[in-house]
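Listed below are the residues making up each chain.
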Amino acid sequence: MIVRPVIGQPPRIKLPRGAVDAQMHMYLPGFPAQPGGPDLPAGALPDADQYRSVIRWLGIDRVIITQGNAHQRDNSNLIACLGEMGNVARGVGVIDGTTSDAELDRLSNAGVVGARIMDLPGGAVGLSELEAIDAKTTARGWMIAVQFAGTKILDHEARLRAIKSRWVFDHHGKFFGGVAPDGPEVAAVKRLIDGGDCWFKFAGAYESSKSGGPAYEDVGAVSREIASHAPERIVWGTNWPHNLARTTEDYPDDTALTDTILGWLPDDRARHLALVENPEKLFGLPPFGGVED
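Residues numbered from 1 in each chain as written. Predicted model: local features only at pLDDT ≥ 70, side-chain atom pairs only at ≥ 80, totals over all residues. Heavy atoms only, no water.

1. Structural notes on the nonpolar core
Among the nonpolar cores identified, the biggest contains 77 residues, and Tyr51, Ile65, Met85, Leu160, Trp167 and Phe202 are the most heavily contacted of them. Here this core gets six residues from one element, more than from any other, and that element is helix α1 (residues 48–58). Those residues in contact with isoleucine 65, other than ones at most four positions away along the chain, are Met24, Met26, Leu78, Cys81, Leu82, Met85, Ala89, Arg90, Gly91 and Val92. Listed in part, the 13 residues of the second largest apolar core include Val20, Met143, Ala145 and Val235. (Core = buried A, V, L, I, M, F, W, Y, C linked by side-chain atoms within 4.5 Å. Buried < 20%, exposed > 50% of the residue type's maximum accessible area, 1.4 Å probe, protein only. Helix = DSSP H or I, 4+ residues; strand = E, 2+ residues; numbered from the N terminus. Contact = heavy atoms within 4.5 Å.)

As structure tokens, this is what we get:
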């Protein structure tokens, strides 16, 4: 059993006006898990009402809702969530090389601005579809969120360099094996950032940290190095509702996690970039004030 806190002390680091949560999932009743993916999150469904409480708590103004793996290639829940949240929300859905123009129109009209690739167990679409998806997202002006075991980045660097769309390397690179800030994997991330429209997402540090919380210092060292190299290419997400947590005791403290992760950015200017300006560019959002509150 799990109970997710949705209110608490605000973070010590105050989020700027217009802050974007660039990575979270949401689930509404009536949308069952699909074959091939994980189950729906444990406990009460992490729905729009719970998330609205979380954003009031943390100081978030806008959100990118990412298609959860439980729903695989069925974007119905995502579309319903975007309708529920209104114009403060945009979505990252799941498409593949066979997705029709009519379906892409439907997704765009619902507020979808990107496609998700997850080349890990439970993911709906992997790197085998990268070029086909890139062709469709480029034509639409969408972005791509790319997630895989980052210790394999050198194997994929040439293909990643060829992406024409704006794209983000998800979840602190998912460096499961652990990498050094001055190692070849981080050097590859820097090359990709320097060579094209590549961003790096701070979200879910606990998923690949070997040193563990609350500091996640191994992930922090890599993240600080990349943020120092390219502060204009960092985005941040809560990773709410922390789907890997199965019990209340395992559930992260969202205030402490926010302060830890945002503390890896050197100053308020870097945090404004990561929370406001950078996600506006990556996801094609209007400047804050251009959306309905």
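2. A look at the packing of helix α5 (residues 153–161) against helix α6 (residues 184–195)
Where α5 meets α6, the closest approach of the two axes is 10 Å, and the angle between their N-to-C directions is 5 degrees. Viewed along their axes, α5 and α6 adopt a mutual orientation that is roughly parallel. Across the interface between the two elements, Ile153, Leu154, Glu157, Leu160 and Arg161 from α5 touch Pro184, Glu185, Ala188, Val189, Arg191 and Leu192 from α6. (Axes fitted to C-alpha atoms, helices over the stretch in contact; angles between N-to-C directions. Parallel < 35°, antiparallel > 145°, perpendicular 65-115°, else oblique.)

3. As for the packing of aromatic side chains
One pass over the structure, following the stated rule, counts seven aromatic pairs. Pairing tyrosine 51 with tryptophan 240 gives two aromatic rings, centres 5.4 Å apart and planes at 45 degrees, and the pair type is tilted. You can see tyrosine 51 sitting in helix α1 and its partner tryptophan 240 sitting in the loop between β8 (234–236) and α8 (254–262), a full 189 residues away along the chain. Look at tryptophan 240 and you get buried, because its relative accessible area is 0%. (Phe/Tyr/Trp six-rings, centres within 6.5 Å; stacked < 30°, edge-to-face > 60°.)

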